[in-house]
Each structure stands twice: as C-alpha cells, then as structure tokens.
Amino acid sequence: MSVIEASTPREAEWRQVPSASFGPAVVLRCFNVKYSPNLGDGILSECLEAALIALGADPATQSIDLAARTRFGDVMTGRSGALTVLDSLPDALRRKAVRLPLALSASMKWRPHYADGLEGATGVVIGGGDLISDIDLNFPTKLPLAIAEAERRNLPVTIYACGAGSYFSKAGLQRLRRAFASPALRAVFVRDQDSKAVWDKLLAPATGHIAQVVRDPGLLASEVYDAPAPQRKAGSRPVAGLGIISPIAIRYHSDKAPSPRALEEWFVEAASRLIRLGFTVRVFTNGSPEDVAFAARLRPRLTSLGSPADISFLDQRTPGELCRHIAGFDVMLAHRMHAVIAAYSYGVPVLALEWDRKLRSFMASVGREQWLADPLSIDGKRCAELAMLAYAEGIPDAERCAVIAEARADVAKLWHVFAPGAAA
C-alpha cells in the first residue's frame, strides 16, 4: 500500500505537513471503505487522512479498505447482478446465502490484507462511514478481523465518525459486541445523535465506552480538494446538479423505496422543470455501478429534454473529481449523503432527497432540515421549485465556516487519543 498521491496543490499541501516534533512518529491506519465504488466513501476517507496528517500524523498515515480494494475503480465483478439477486431474497434466506462467501473472503482475502496494511502502524482508526451496521453480516464479519489484527500488534484502536444502523441480526450484534469489547478500544466517536443512541443502548454496556458525537470528516472537502469557484459570464444560466441513484441502492439500504418506473419518472420530471426554471442541468452519480447503470437507462429520456446547453452528463473516477464537479454547481438535488456533505462544504445549496435517516440527521446537524424533501411524497416538479428557492436563499458563509471548523476540531479530538502530548 502507498500513500495516496495528491492530485492538486491543496491536497499536496495538506499531505506534506511534517510530523509533530513532540515525540515519535504516529503512523495511523484507518479502516474504512475508501475504495468503494461510491466515491463518497473516498471523500470522507481522504479528508480524514489529510486532517490527521495536518495535525502531525506521519505522512505514511493511510486507509485500509475493509473489502481489500486497493484503488478507485476496483469494483467486484458482477456487483450489480449480485445486489439484484440478494435484493430479491427474503432477509433470512439472504443472510444464509452470504455466510459461506463471507467466511471464505475473511480467511483468504480480508485478514491477509489487513495484516499487510498494518505493517509499520502505531495506531488504528475505524471509520468513518456506515460501519456499525449489519447488512448481510458484512461489517460484523470484517470489523472483528480488523480489531483482532490490531490486538495482535498491541495497537490502540479508536472508532471515529461512524454511523450506526438501526437493525442488527442476533449473530451480527454478538460479533460486534465481542469485537468492540477489546481492551485495545480507547474511544468511540460517532457522526450523529441517532448513531450515539444506537451505540449507547446496544454496544456501550458490552464495551464500557459511551459514544461522543463528531462532525463528518467529509465536511473538510473544500479544504482538501482544490476546486476554484466557477466563473460565470454575466447573464449565464445557473447550474443545477442532479444526482442519480439506483432504486436497487435505495431498496438495499432503506424501507423507503420507489419502484424503478416511479423513480425514473421523478428524475425526468425534476430535470424538465429545472430547465424550464432557467437552469442548466448537469447529471451525475457518486460512481456506484448500479447508479451509473440507472443513469445510462435514463440518459435517452433526459437528453430529449433539451440541447447540450440545457442538460449534460458528468463522469468522474476519483473523490477529487466528484468534488470538483459539485463545487461547480449553483444548487444540487441528490440522495447520496456525501455528495450532500461535499456540496455544503463548498457552499452549494442542496435539496437533499430523503431515503435514509442518516441524511436527515446530517441536514438537521447543519440547520438545513427545511431543505429535505421526500421524493415519495413530493413530485419532481415541486422538488425542482424547492431547489430554486434553496438556490435563492444560499448558505450563510459564517455558518458554513463554523461547521467546517468544528469538523477540523473534532479530528483533533481523535488525534489526541494517539498523541496526548500534542499541542491544542
């Protein structure tokens, strides 16, 4: 594994801060899903790495992908098909179907990857993202392996900026309780009050740790990724970003799922109304193959709504590229939380499309819950009109800067767990 290469001067600046001089080098490994096909996971991972290095962690600090991926675009062959099959199974049968593949991957792929990645580390961070969750025993299988490898090396472990799910199977909860009861665990930081309530009720009694709430490190996107403010000619049309998500992704993570046909109609209606309201629409995804496939399915209908000046389509391969697209919007409509978080970081007003409580939690945490809309009850036309109102209102810059400063200060709390002698 190697330290990620900075793709802009600002990223390079964050990554070249020398280690603090008060003691030996602190080399951290962050277990997360950095190279997930959803580039939002990469945003929060790279922002956390950069913030830790800026505080004094050794520049060799980096992430270990829990799925043993090693680069962006490293997607499991047949992922979309596998999700479709699993989505069609009853919950009990689905959990049985994944047990053997999980066990094989654990012994043959994941644990060796974790062991290799921890070479040279002095501390371990688990986070951020939706890691304290139980979808088909995924993280209840991976996290105990990661903690066991840390224990073997006597490395301190901290959980940081994780989200906690609302449902756990009996087996999944038992695995997590045993793993998190490790004496290696030093502190627990979660990303919202809902996650704190879940942790404190289900996991704190077994671990002895009460969770503290911190800001999501993805809020540092505007400080980590260089994205010059877009230059608009006088009289030019404002740009609306329209984030596409697959109905499979919604169904797999939420009980609020429209039919594929209904979601398709919603996106077409929203795009059409945005164009009529005077926006140039730029269609994008966070990169997940199922989202990309659904966007491709929609493309002929969306293209028919106008000229390239009316509607165009964006693509990206890295978190930085996604953030630079988002920074170029004047307003955005999207379901994916880290697209919403990145937009907030850059001061881009968002109409967040509700599908998961984590999105509601984030919007409430930054005082923007009035700009949260449920596509199941509000049609695309009305959501486009609400987006126009959000664009007109904007985001108070002082509020945004204060939130970003809080996110930076929260990473300092994490840093102090590993370097308690650090200057404040």
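The model shown is predicted, which means the values in this text are computed figures rather than measured ones.

### Section: the pattern of salt bridges
For step 1, the next point in the chain: Inspection of every chain in the model, using the stated rule, returns 27 salt bridges.
For step 2, the next point in the chain: Here Asp-130 ties to Lys-358 by a salt bridge, and the two come within 2.7 Å at their closest N and O atoms. Of this pair, Asp-130 sits in strand 4 (residues 129–132) while Lys-358 sits in helix 15 (residues 357–365); the two residues are 228 residues apart in sequence, bridging distant segments of the chain.
For step 3, the next point in the chain: Here Asp-130 falls in the partly exposed class, since its relative accessible area comes to 30%.
For step 4, the next point in the chain: Between Glu-265 and Arg-301 there is a salt bridge whose closest N-O contact spans 2.7 Å. Placement of Glu-265 in helix 11 (residues 260–276) and of Arg-301 in helix 12 (residues 289–303) is noted, with a sequence separation of 36 residues between them.
For step 5, the next point in the chain: Taking relative accessible area as the criterion, Glu-265 reaches 30% and is therefore assigned partly exposed.
For step 6, the next point in the chain: The exposure class of Arg-301 is partly exposed, given its relative accessible area of 29%.

### Thoughts on helix 6 (residues 170–180)
For step 1, the next point in the chain: Among the residues of helix 6, Gly-172, Leu-173, Leu-176, Ala-179 and Phe-180 are the ones counted as buried. When helix 6 is viewed along its axis, its buried side chains cluster within an angular range of 130° and face the same direction. Residues of helix 6 that are exposed and angled more than 90 degrees away from the buried face: Lys-170 and Arg-178.
For step 2, the next point in the chain: Tucked into the core, helix 6 has its buried residues touching helix 5 (138–152), strand 5 (157–164), strand 6 (185–190), helix 7 (193–202) and helix 8 (204–207).

### Side note on the packing of helix 2 (residues 39–55) against helix 13 (residues 319–327)
For step 1, the next point in the chain: Relative to each other, helix 2 and helix 13 sit at 100°, their axes nearing to 8 Å. The angle between the axes of helix 2 and helix 13 places the two elements in the roughly perpendicular class. Along its contact with helix 2, which presents Leu-39, Gly-40, Gly-42, Ile-43 and Glu-46, the element helix 13 presents Pro-319, Leu-322 and Cys-323.
For step 2, the next point in the chain: Classifying every residue of the contact of helix 2 with helix 13 gives five nonpolar, two polar and one charged.

### Quick word on helix 5
For step 1, the next point in the chain: Taking 1.5 Å of rise per residue, the 15 residues of helix 5 would be expected to cover 21 Å, and the 22 Å separating its terminal C-alpha atoms lies within 8% of that figure.
For step 2, the next point in the chain: Of the positions making up helix 5, those classed as buried are Phe-139, Pro-140, Thr-141, Lys-142, Leu-143, Leu-145, Ala-146, Ile-147, Glu-149 and Ala-150.
For step 3, the next point in the chain: The positive-phi residue at the C-terminal boundary of helix 5 is Asn-154, with phi of around 55°.

### Here we look at the side chain of Lys-358
For step 1, the next point in the chain: When its relative accessible area of 16% is taken as the criterion, Lys-358 is described as buried.
For step 2, the next point in the chain: In terms of polar contacts, Lys-358 uses its side chain to reach the side chain of Asp-130, at 2.7 Å.
For step 3, the next point in the chain: Not counting residues within four places of it along the chain, the set of residues in contact with Lys-358 comprises Asp-130, Arg-191 and Met-337.

### Here's the deal with the sheet that holds strand 13 (residues 372–373)
For step 1, the next point in the chain: Pairing is parallel in the open sheet, where six strands are placed in the order 10-9-8-11-12-13. Strands at the two margins of the open sheet, each flanked by one partner only, are strand 10 (311–313) and strand 13.
For step 2, the next point in the chain: The pairing of strand 12 (residues 350–353) with strand 13 spans two bridges and is parallel. Across the sheet, residue Leu-353 finds its bridge partner in strand 13, namely Ala-373.
For step 3, the next point in the chain: Strands in contact with helix 12 are strand 9 (280–284) and strand 10; relative to strand 10, the strand with the most contacts, it is inclined by about 155°.

### Looking at unusual backbone geometry
For step 1, the next point in the chain: Residue Gly-128 is reached from Gly-127 by a cis peptide bond, and omega for that bond is -5°.
For step 2, the next point in the chain: For Gly-128, the location among the structural elements is in the loop between strand 3 (123–126) and strand 4.
For step 3, the next point in the chain: The phi dihedral of Leu-137 falls on the positive side, at around 60°, and the residue is not glycine.
For step 4, the next point in the chain: Counting through the fold element by element, Leu-137 comes out in the loop between strand 4 and helix 5.
For step 5, the next point in the chain: Classification of Leu-137 by relative accessible area gives buried; the value is 1%.

### Focus on the pairing of strand 5
For step 1, the next point in the chain: With respect to burial, strand 5 is a largely interior element, eight of its eight residues being buried.
For step 2, the next point in the chain: Where strand 3 and strand 5 come together, three bridges link them in parallel fashion. When the sheet's bridge partners are listed, Val-124 is paired in strand 5 with Val-157.
For step 3, the next point in the chain: Pairing analysis gives two bridges linking strand 4 to strand 5, with the strands arranged parallel. Looking at the pairing, Gly-129 lines up with Cys-162 of strand 5.
For step 4, the next point in the chain: Regarding topology, helix 5 serves as the crossover connection from strand 4 to the parallel strand 5, and that connection is right-handed.
For step 5, the next point in the chain: Both strand 5 and strand 6 contribute to a ladder of four bridges, which runs parallel. Directly across from Thr-158, in strand 6, lies its bridge partner Ala-187.
For step 6, the next point in the chain: As for the winding sense of the linkage, the β-α-β connection from strand 5 through helix 6 to strand 6 is right-handed.

Rules used throughout
Residues numbered from 1 in each chain as written. Predicted model: local features only at pLDDT ≥ 70, side-chain atom pairs only at ≥ 80, totals over all residues. Heavy atoms only, no water. Salt bridge = Lys/Arg side-chain N within 4 Å of Asp/Glu carboxyl O. Helix = DSSP H or I, 4+ residues; strand = E, 2+ residues; numbered from the N terminus. Buried < 20%, exposed > 50% of the residue type's maximum accessible area, 1.4 Å probe, protein only. Arc of directions from axis to C-beta. Contact = heavy atoms within 4.5 Å. Axes fitted to C-alpha atoms, helices over the stretch in contact; angles between N-to-C directions. Parallel < 35°, antiparallel > 145°, perpendicular 65-115°, else oblique. Nonpolar A, V, L, I, M, F, W, Y, C, P; charged D, E, K, R; others polar. Expected span 1.5 Å × (residues − 1). Polar contact = N/O pair within 3.5 Å; in protein donor to acceptor, adjacent residues only side chain to side chain. Pairing = 2+ DSSP bridges. Right-handed = clockwise from strand over helix to strand, strands pointing away.

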